[in-house]
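Structural overview
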Amino acid sequence: EYLYQLDNNLNLILNSYSLPVFIAGRPDIVNRFVSITTNAGSIVGSVQCDFEDINEKEFLEILKPRIVDWTEIHNESLLHKTNDAVEHKNLCFGVSNVLRCASKRNGKLLVLEKDYPYTEGNLTPVPTKKEANALENRFYVKAPIDDVVEKILENDGDVDFVEKGKLKDFNH
């Protein structure tokens, strides 16, 4: 069926580019696609319209209010992915757990709140030789989250940020 092929192609695109997705089409097709897709976590909105009755300019006017607040759309997209990880039991939280998972090459996406606190309690107690040399620079601060970010990026993962308070429901 065409919608399954479309979903497979969308999956290939999303594996390369982590983007929020809008679904647009007739209500029956949009509802059917949403019911069969394996990419529901990336879908942040839908536009139900009949493309036989509108032109491109009219479609852009319909879409415009849905993308005005891009920051909120981006946050929602990341929260959808986090919810998917919860549903599939693939979510790690807490710096030490996340570092352990990332070290095992299990991390694809690290989501942090903006202004993540680098408090004194989060600082690494014993610096490595490389860090000790860097300590001569008084602006150098090494926190465990730096190791997590490094591991995620080494394994071709992504690091992204949501607005402060958005992860409160995920025991961050």
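Scroll up for the structure.
Below: a short report on this structure. (Residues numbered from 1 in each chain as written. Predicted model: local features only at pLDDT ≥ 70, side-chain atom pairs only at ≥ 80, totals over all residues. Heavy atoms only, no water.)

On to helix α7 (residues 144-154). Taken as a whole, α7 has its buried residues at Ile-145, Val-148 and Ile-152. Axial view of α7: buried residues confined to an arc of 55°, hence all on one face. Here the buried face of α7 lies against α5 (95-103), β3 (109-113) and β4 (158-162). In the segment just after α7, Asp-156 is the residue with positive phi, at about 65°. (Buried < 20%, exposed > 50% of the residue type's maximum accessible area, 1.4 Å probe, protein only. Helix = DSSP H or I, 4+ residues; strand = E, 2+ residues; numbered from the N terminus. Arc of directions from axis to C-beta. Contact = heavy atoms within 4.5 Å.)

What follows deals with the pattern of salt bridges. Counted according to the given criterion, the structure contains 5 salt bridges. Of the charged contacts in the structure, one is a salt bridge between Arg-32 and Glu-1, with a shortest N-O distance of 3.8 Å. Here Arg-32 is found in helix α2 (residues 27-36), whereas its partner Glu-1 is found in the segment before α1 (2-16), with 31 residues between them in sequence. Overall, the relative accessible area of 60% leaves Glu-1 in the exposed class. For the salt bridge of Lys-166 with Glu-72, the shortest nitrogen-to-oxygen distance reads 3.1 Å. (Salt bridge = Lys/Arg side-chain N within 4 Å of Asp/Glu carboxyl O.)

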